[in-house]
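Each chain, written out:
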Amino acid sequence: MLCLLLLIACQPERKGGPLMKGDEAPDFAAKDLDGNVIVLSSLAGKPVVLRFWETNCRFCRADTPLFNSYFEKYRDKGLHVVYVSSFYENIEAVKEFIDLLGVPFPVVMDEEAKLADLYNVKVYPQTFMIGPDRTILANIFGGVGEAEFQEILGKYLQ
């Protein structure tokens, strides 16, 4: 018993590093390109996909059509998708990207990297799948496939 207590006591407290499955998604408020304020906590009870991306990212260009179709298919069941552009993007490049790829969901400019810092994003793309209770269900680095959407979010979109 003493060994178990020592092992637990010796576990380092998690500081920094990426948010992980099971962590609470940090709340935020941000304006999208249409001027609407998005507040994560106001989306409680619904699954949220939060995607940090950049315009020159090949994964972002390749899988955005999947994000679009998944959102279109499940938006009536409560799915929310929010794209957060990297801090160094300019508005013209972001608008060109979303127009070219027909992005139907809110896009936020993270000009001062406040959201990236809040979520400890160091690489792009990075996708957080967040459950209805604001628990992080997955933190995915790189591209996202349809199987991942279904496996992680499917039960919330029945």
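Keep in mind that this is a model prediction, so the values were computed, not measured.

Parameters and conventions
- Residues numbered from 1 in each chain as written.
- Predicted model: local features only at pLDDT ≥ 70, side-chain atom pairs only at ≥ 80, totals over all residues.
- Heavy atoms only, no water.
- Salt bridge = Lys/Arg side-chain N within 4 Å of Asp/Glu carboxyl O.
- Helix = DSSP H or I, 4+ residues; strand = E, 2+ residues; numbered from the N terminus.
- Buried < 20%, exposed > 50% of the residue type's maximum accessible area, 1.4 Å probe, protein only.
- pLDDT = per-residue confidence, 0-100.
- Contact = heavy atoms within 4.5 Å.
- Pairing = 2+ DSSP bridges.

**Q** Now, about the pattern of salt bridges: what can you tell me, with residues and values included?
**A** Opposite charge on two side chains makes pairing possible when the charged atoms of those side chains draw close. Summed over all chains, the structure comprises four salt bridges. The salt bridge partner of Asp 63 is Arg 51, with a shortest N-O separation of 2.9 Å. With Asp 63 in helix H2 (residues 58-74) and Arg 51 in strand S3 (residues 48-53), this pair connects stretches of sequence that are twelve residues apart. The pair Asp 63 / Arg 51 is uniform in exposure class, with both members buried. The partner of Arg 75 in a salt bridge is Glu 72, with the nearest N and O atoms 3.1 Å apart.

**Q** Could you give me a rundown of the confidence of the model for the protein chain, with the residues and numbers involved?
**A** Looking at the protein chain as a whole, its pLDDT mean stands at 90, while 90% of the residues score no less than 70. Below a pLDDT of 50 lies the segment residues 1-14, which in the model reaches three contacts outside its immediate sequence neighbourhood of four places, other chains included.

**Q** Explain the pairing of S3 to me, and be specific about the residues and the numbers.
**A** Across the six residues that make up S3, a large majority, six, are buried. Here S3 shows a buried face lined by Val 48, Leu 50 and Phe 52 and a second buried face lined by Val 49, Arg 51 and Trp 53. In this sheet, strand S4 (residues 80-85) lies alongside S3 in parallel orientation, the contact comprising six bridges. Bridging across to S4, Val 49 finds its partner in Val 81. Pairing of S3 with strand S6 (residues 126-130) involves five bridges; the strand directions are antiparallel.

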